[in-house]
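# Coordinate analysis (summary)
Here's the letter readout for the chains.
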Amino acid sequence: VSYLNLTTTLVSWAMFLSGVELLLMTRDSTFFRVWNFKTLEPDLAHALRLPPQVLKFLFSNKSLIVIGFIQVLSAIMAYKFPGPELFIALFICQLLVSLRCRGTLNGGSDMMTFVLLTGVLIAYFGSQKFGFLYIAINGLYSYIKAGVAKIKHPDWREGKALGTFSPSLMPWSKLLSWPVILFELLAVAVPFVPGFAWPYFILAMIFHFINFLLFGLNRFFWIWLSAWPSIFYLARLQTH
Amino acid sequence: MRLTFFNSIRALFPVWSFFDRSSRPYELLVKVDSTWIPYEFNHRTKTHHLFFNPRGVRLLLEQSLLELFAQDVEECDPAHIPKLVSFQLISNMAEGRHWRVIRQRAVVHEESA
């Protein structure tokens, strides 16, 4: 299995899950009571400067459901028959959903999804090497940046931060803070220490799974997993 | 504060600056009659949510909205807060969650009157 095939398979899977999730979310009758087009329209008109008809066509309540269906279908097709057109379609779906949610639907996981889709498109249209490097550098940098932010924050250094997210984590907060910081900062060694990528990958997946269990961050699990073939590519490049 | 073009496409730029934010999440209190009720952002995660977690994703979306609203409030004249789209979304969100409580209390109020 090539790095590109593995990456496209994992990204398609992640996009399929998030598309179905979007459709399930819009089925909840209260969703459009909050995120209805009428409320969002003035902001979208101001930010995007598009004619009202175009805004309605792209961002109406019905359009969001249609986008969800297109995303699911494109992801299934991209999983079976990966090709650049399908990843352009997935990129557009992701962009429209993010725009409608005033920037992001799911914060960091949206950002990483764009990194992955951009990297895959670079790999298709430009150079595979640059596509993988773009994904790998962003993937590793996201861990390092999070580690640096935590080490600068007194709540994290003193082991209080996790408890502020959820009171049930308070007893574990002191015990877990420094291992989390060290894990994230150790990402810097992945490209330089031969053989370190695999153990770090296992730790990373355990870390994302615990994050999912504690905070419900399921999208982060799948999309960061999708970045790992590129990180292995970078590690292999360095050791050769 | 109105949404800007750059803000609306911020997910396209992998700056990872959200990691710099304070670890302490914002708290939203909703006033129902004279009681302030905390808006609950936590929900119980089950193993199958690893694949589909629409409720969890929506709660994360609402948390992001609350953070954006907090930013808007910092930069906005207090008189203009009710006109903010982020305020209207937060209001819809609070009413949507607590509408049963609000309606029950209204019924009790009407009956006692």
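The following paragraphs examine the structure supplied in this document. None of the values given here were measured: they were computed from a predicted structure.

Criteria and cut-off values
Residues numbered from 1 in each chain as written. Chains lettered and ligands numbered in written order. Predicted model: local features only at pLDDT ≥ 70, side-chain atom pairs only at ≥ 80, totals over all residues. Heavy atoms only, no water. Helix = DSSP H or I, 4+ residues; strand = E, 2+ residues; numbered from the N terminus. Buried < 20%, exposed > 50% of the residue type's maximum accessible area, 1.4 Å probe, protein only. Contact = heavy atoms within 4.5 Å. Areas by Shrake-Rupley, 256 points an atom, 1.4 Å probe, with all protein chains shown as cover. Buried area = accessible area lost by both parts, 1.4 Å probe. Salt bridge = Lys/Arg side-chain N within 4 Å of Asp/Glu carboxyl O. Phe/Tyr/Trp six-rings, centres within 6.5 Å; stacked < 30°, edge-to-face > 60°. Lys NZ or Arg CZ within 6 Å of the ring centre and 35° of its normal. Axes fitted to C-alpha atoms, helices over the stretch in contact; angles between N-to-C directions. Parallel < 35°, antiparallel > 145°, perpendicular 65-115°, else oblique. Left-handed = near helix turned anticlockwise from the far one by under 90°. Nonpolar A, V, L, I, M, F, W, Y, C, P; charged D, E, K, R; others polar. Disulfide = S-S within 2.5 Å. Expected span 1.5 Å × (residues − 1). Bend = angle between axes of the 7 residues up to and from the residue.

### Examining the overall build of chain A
- Along its length, chain A carries 13 helices and zero strands.
- Along its sequence from the N terminus, chain A presents helices and strands in the succession α-α-α-α-α-α-α-α-α-α-α-α-α.
- Over its C-alpha atoms, taken along the principal directions, chain A stretches across nearly 55 × 45 × 30 Å.
- Here chain A, with 240 residues, has 58% of them falling under the buried criterion.
- Within chain A, contacts between residues separated by at least 24 positions form 68% of all contacts whose residues are at least 6 apart in sequence.
- When the accessible surface of chain A is split by element, carbon and sulfur atoms take 72% of a total near 10600 Å².

### Here's the deal with the interface of chain A and chain B
- If you look at the interface, chain A gives 59 residues, while chain B gives 47 residues.
- Across the chain A to chain B interface the summed buried area is about 5000 Å²; carbon plus sulfur atoms make up 67%.
- When residues of chain A are sorted by the area they lose upon contact with chain B, Val34(A), Arg102(A) and Met111(A) head the list and together hold 15% of the total.
- Here chain A and chain B share one salt bridge between them.
- Across the pair Asp28(A) and Arg58(B) runs a salt bridge, and its minimum N-O distance is 3.3 Å.

### Let's talk about the packing of aromatic side chains
- The final tally for this structure, using the stated rule, is 28 aromatic pairs over all chains.
- Here the aromatic rings of Trp13(A) and Phe51(B) are separated by 6.3 Å at their centres, their planes lie at 70°, and the arrangement is edge-to-face. Taken together, the positions of Trp13(A) in helix α1 (residues 3–27) and Phe51(B) in the loop between β2 (35–38) and α2 (54–75) put the pair across two chains.
- Chaining the aromatic ring pairs together yields one cluster made of Tyr143(A), Phe183(A), Phe196(A), Trp198(A), Tyr200(A), Phe201(A), Phe207(A), Trp228(A) and Phe232(A).
- The cationic tip of Lys150(A) hangs over the ring face of Trp156(A); the distance from NZ or CZ to the ring centre is 5.0 Å.

### Notes on the packing of α1(A) against helix α13 (residues 218–239) of chain A
Residues and elements named next belong to chain A.
- Two elements in contact, α1 and α13, have axes separated by 9 Å at closest approach and are oriented at 170°. In terms of their interaxial angle, α1 and α13 are classed as roughly antiparallel. When α1 is examined against α13, the residues Tyr-3, Leu-6, Thr-7, Leu-10, Val-11, Trp-13, Ala-14, Leu-17, Ser-18, Glu-21 and Leu-22 are found in contact with a partner set consisting of Asn-218, Arg-219, Trp-222, Ile-223, Leu-225, Ser-226, Pro-229, Ser-230, Phe-232, Tyr-233 and Arg-236.

### Some thoughts on the packing of α1(A) against helix α5 (residues 61–80) of chain A
Residues and elements named next belong to chain A.
- Where α1 meets α5, the closest approach of the two axes is 8 Å, and the angle between their N-to-C directions is 155°. As judged from the angle between their axes, α1 and α5 are roughly antiparallel. The interaxial crossing formed by α1 with α5 has left-handed handedness. Contacts between α1 and α5 involve Thr-9, Ser-12, Trp-13, Met-15, Phe-16, Ser-18, Gly-19, Val-20, Leu-22, Leu-23 and Thr-26 on the former and, on the latter, Leu-64, Ile-65, Gly-68, Phe-69, Gln-71, Val-72, Ala-75, Ile-76, Ala-78 and Tyr-79.
- Residues that form the contact of α1 with α5 fall into these classes: 14 nonpolar, seven polar and no charged.

### Points about unusual backbone geometry
- One non-glycine residue, Arg49(A), lies in positive phi territory at about 55°.
- Here Arg49(A) lies in the loop between α3 (37–48) and α4 (52–59).

### Here's the deal with the pattern of salt bridges
- A complete count under the given rule lists seven salt bridges over all chains for this structure.
- With a closest N to O distance of 2.9 Å, Glu158(A) and Lys160(A) form a salt bridge.
- In this structure, the salt-bridge partner of Glu62(B) is Arg58(B), at a minimum N-O distance of 3.4 Å. Of the two residues, Glu62(B) and Arg58(B) both sit in helix α2, four residues apart, roughly one turn of that helix.

### Regarding the state of the cysteines
- Summed over the entire model, instances satisfying the criterion amount to zero disulfides over all chains.
- Here Cys101(A) is not disulfide-linked; the sulfur of Cys93(A) is the nearest cysteine sulfur, at 13 Å.

### Let's talk about the environment of Ser173(A)
All names here are of chain A.
- Following the sequence through the fold, Ser-173 ends up in helix α11 (residues 170–185).
- We classify Ser-173 as buried; its relative accessible area is 1%.
- Apart from the residues lying within four places of it in its own chain, the contact partners of Ser-173 are Gly-159, Lys-160, Ala-161, Leu-162 and Gly-163.

### What about α13(A)?
Residues and elements named next belong to chain A.
- In this model α13 runs 32 Å from its N-terminal to its C-terminal C-alpha over 22 residues, within 8% of the 32 Å that 1.5 Å per residue would give.
- At Pro-229, α13 shows its largest kink, close to 30°.
- Across the 22 residues of α13, 18 count as buried, placing the element largely inside the fold.

### Structural notes on the side chain of Ser74(A)
- Take Ser74(A): it is sitting in helix α5.
- Beyond its immediate stretch of four places on either side in the chain, Ser74(A) contacts Leu86(A), Ala89(A) and Leu90(A).

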